[in-house]
Amino acid sequence: FQSEVEIVLDESTAFDWTDEYRKSRALVTDAETLAAALASTPGSERSARLVAARVLLGQGRAMWRFSERKEALEKLTQAVELAEQLGDDGYETLVVSLLLLGDLLPWYGETKRAELAFERVIALCEDHGDRVHVAVALLNRRQIWIAHRDLARAIEDTRECIQIARELGLATTTFMGSYNLGEMYYQAGDPAAAWPHVTLAVELENRRFSGVGRPVARLLQTRLLAFEGNHNLARSWVQEIRSHQERLAASGTTDGLLMPSEDVLLTMVDLFTRAATDQEWAALRARAEKFSVEQEPIEVADIEARWLVRHGRFVEASQKFEEAHRLAQRIPNVMEARLRKGVADLPESALAAPRRAALSG
């Protein structure tokens, strides 16, 4: 049983690396059944514990991918607790579990616990001469600085990650670092700073160096174009991405399909660049509540506010900016300056002076 379940788990990990998350998740489910049989086999207690830790990691990783983040926290916490009992045998499982756990915790108000997770995982990796996972730890640690509203520290960690990735020849990590730099600058409302990183991410994606089979960099480029006001070009890319997604779906494959949270962002740009209806925006908000992750709910509210501005509905736009501001007070983000500028650009008649001051402060 041990060899079989380990092969299934290795295959699941490989599918996750190649961006085939649905296949990866299905294999984790298969591994659960095999792991249960191994646990009941006499004399296999240590092997069963290692397999159980890997299954928990696989479950947590799949939940993380599919926006089931609270459930992922529980599984990853259990994976850490079990893997740390296994010494070097549990090293990789422990490291990956801590990396994912540290990425998630700041979004649930547990920044201190996330800091401890990253301190521990970086120390573990340095002790093992594991610079690959040090780079990933720096990539994920930006979530702590986002929780502290510290864009400069998030940028610093990400640039250090890219430097290590280039030294080691890690194209996928270079892509993710470039993507994250572009997205953070975009979220902060600085498109000029975002463009070089977004352009590089799109180039790496086009050359198939991203390690991601979905057009995530192209989608980020589309979001940035829409934010800058280049609506026609943004719309052309929305249509191109949507047509490609429809062709994939019609072929019966799930490989390359956007994840639910990403499809929310694509629909957001679609609505923003055309004469959408209030009902369509309401439907998008409902999807965002279910699927959107990290700062994305704030972005959806911000973009809807800007759409209302485009259509001369300034009072409603001010109310939507206020909603985005409320979200920003409870969700870690680097978007507050962007939101303040959106409010400042509204006509004076759109909201009373005390309310403008509250939103702009």
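Here's what I pulled together on the structure shown here. Everything quoted here is computed from the prediction, not taken from an experiment. (Residues numbered from 1 in each chain as written. Predicted model: local features only at pLDDT ≥ 70, side-chain atom pairs only at ≥ 80, totals over all residues. Heavy atoms only, no water.)

Considerations on the overall build of the protein chain
- Tallying secondary structure elements over the protein chain gives 18 helices and 0 strands in all.
- Scaling as 2.2 N^0.38, a compact globule of 361 residues should have a C-alpha radius of gyration of about 21 Å, and the protein chain matches this with 22 Å.
- Overall size of the protein chain, expressed as C-alpha extent along the three principal axes, is 75 × 45 × 35 Å.
- Here the protein chain, with 361 residues, has 54% of them falling under the buried criterion.
- Contacts in the protein chain between residues at least 24 apart in sequence constitute 63% of all its contacts with a sequence separation of at least 6.
- With 44 positive and 55 negative side-chain charges, the protein chain shows a spacing of 5 Å between the two charge centroids. (Helix = DSSP H or I, 4+ residues; strand = E, 2+ residues; numbered from the N terminus. Rg over C-alpha atoms; globule rule 2.2 N^0.38 Å. Buried < 20%, exposed > 50% of the residue type's maximum accessible area, 1.4 Å probe, protein only. Contact = heavy atoms within 4.5 Å. Lys, Arg positive; Asp, Glu negative; His and termini not counted. Charge placed at Lys NZ, Arg CZ, Asp CG, Glu CD.)

Details of the environment of valine 51
- By secondary structure assignment, the location of valine 51 is in helix H3 (residues 45-65).
- For valine 51, a relative accessible area of 1% puts it in the buried group.
- Distance in space between the C-alpha atoms of valine 51 and leucine 34 is 9.5 Å, their sequence separation being 17 residues.
- Not counting the four nearest positions on each side in its chain, valine 51 is found in contact with Val5, Glu6, Leu9, Ala35 and Leu38.

Remarks on the pattern of salt bridges
- Counted according to the given criterion, the structure contains 31 salt bridges.
- Two residues, glutamate 110 and arginine 113, come together in a salt bridge whose shortest N-O distance is 3.1 Å.
- With a relative accessible area of 31%, arginine 113 lands in the partly exposed category.
- With a shortest N-O distance of 3.3 Å, glutamate 203 and arginine 207 are connected by a salt bridge.
- Relative accessible area serves as the criterion here: at 38%, glutamate 203 is assigned to the partly exposed category. (Salt bridge = Lys/Arg side-chain N within 4 Å of Asp/Glu carboxyl O.)

Let's talk about the nonpolar core
- In this structure, Val121, Phe175 and Ile298 are the most contacted members of the largest nonpolar core, which totals 98 residues.
- By residue number, the principal contributor to this core is helix H5 (residues 91-104), which donates 9 residues.
- If we skip the residues at most four places from it in the chain, phenylalanine 175 touches Ala201, Leu204, Glu205, Phe209, Ser210, Val212, Val216 and Ala217.
- Core analysis: the second largest hydrophobic core is formed by 11 residues, Ala31, Leu34, Ala48 and Val55 among them. (Core = buried A, V, L, I, M, F, W, Y, C linked by side-chain atoms within 4.5 Å.)

Comments concerning the packing of aromatic side chains
- By the definition in use, this model includes 3 aromatic pairs.
- Ring centres 6.2 Å apart and planes at 35 degrees place the aromatic pair phenylalanine 175 and tyrosine 179 in the tilted group. Pair noted here: phenylalanine 175 and tyrosine 179 are both in helix H9 (residues 171-187), with a separation of 4 residues, about one helical turn. Considered together, phenylalanine 175 and tyrosine 179 belong to a single accessibility category, that of buried residues.
- Centroid distance tyrosine 186 to phenylalanine 227: 5.8 Å. Interplanar angle 85 degrees. Geometry classified as edge-to-face. Pair noted here: tyrosine 186 is in helix H9 and phenylalanine 227 is in helix H11 (residues 216-228), with a separation of 41 residues, a long-range link.
- For tyrosine 186, a relative accessible area of 0% translates into the label buried.
- For the cation-ring pair, arginine 338 lies above tyrosine 186, with the distance from its terminal atom to the ring centre recorded as 4.6 Å. (Phe/Tyr/Trp six-rings, centres within 6.5 Å; stacked < 30°, edge-to-face > 60°. Lys NZ or Arg CZ within 6 Å of the ring centre and 35° of its normal.)

Brief notes about unusual backbone geometry
- With a phi angle near 60 degrees, arginine 149 is a residue other than glycine that sits in the positive phi range.
- With respect to the element layout, arginine 149 can be found in the loop between helix H7 (131-147) and helix H8 (151-168).
- A relative accessible area of 33% means that arginine 149 is categorised as partly exposed.
- The phi angle at arginine 208 is positive, at roughly 60 degrees, despite the residue not being glycine.
- Considering the arrangement of structural elements, one finds arginine 208 in the loop between helix H10 (191-206) and H11.

Quick notes on the packing of helix H2 (residues 21-39) against H3
- Look at H2 against H3: their axes get within 9 Å of each other, and the N-to-C directions meet at 155 degrees. Relative to H3, H2 is oriented roughly antiparallel. Along this stretch, H2 crosses H3, giving a crossing that reads as left-handed. Counting all contacts with H2, which are made through Tyr21, Ser24, Arg25, Val28, Ala31, Glu32, Ala35, Leu38 and Ala39, the residues of H3 involved are Ser47, Ala48, Val51, Val55, Gly58, Gln59, Arg61, Ala62, Met63 and Arg65.
- Partitioned by chemical class, the residues of the contact of H2 with H3 number 11 nonpolar, 4 polar and 4 charged. (Axes fitted to C-alpha atoms, helices over the stretch in contact; angles between N-to-C directions. Parallel < 35°, antiparallel > 145°, perpendicular 65-115°, else oblique. Left-handed = near helix turned anticlockwise from the far one by under 90°. Nonpolar A, V, L, I, M, F, W, Y, C, P; charged D, E, K, R; others polar.)

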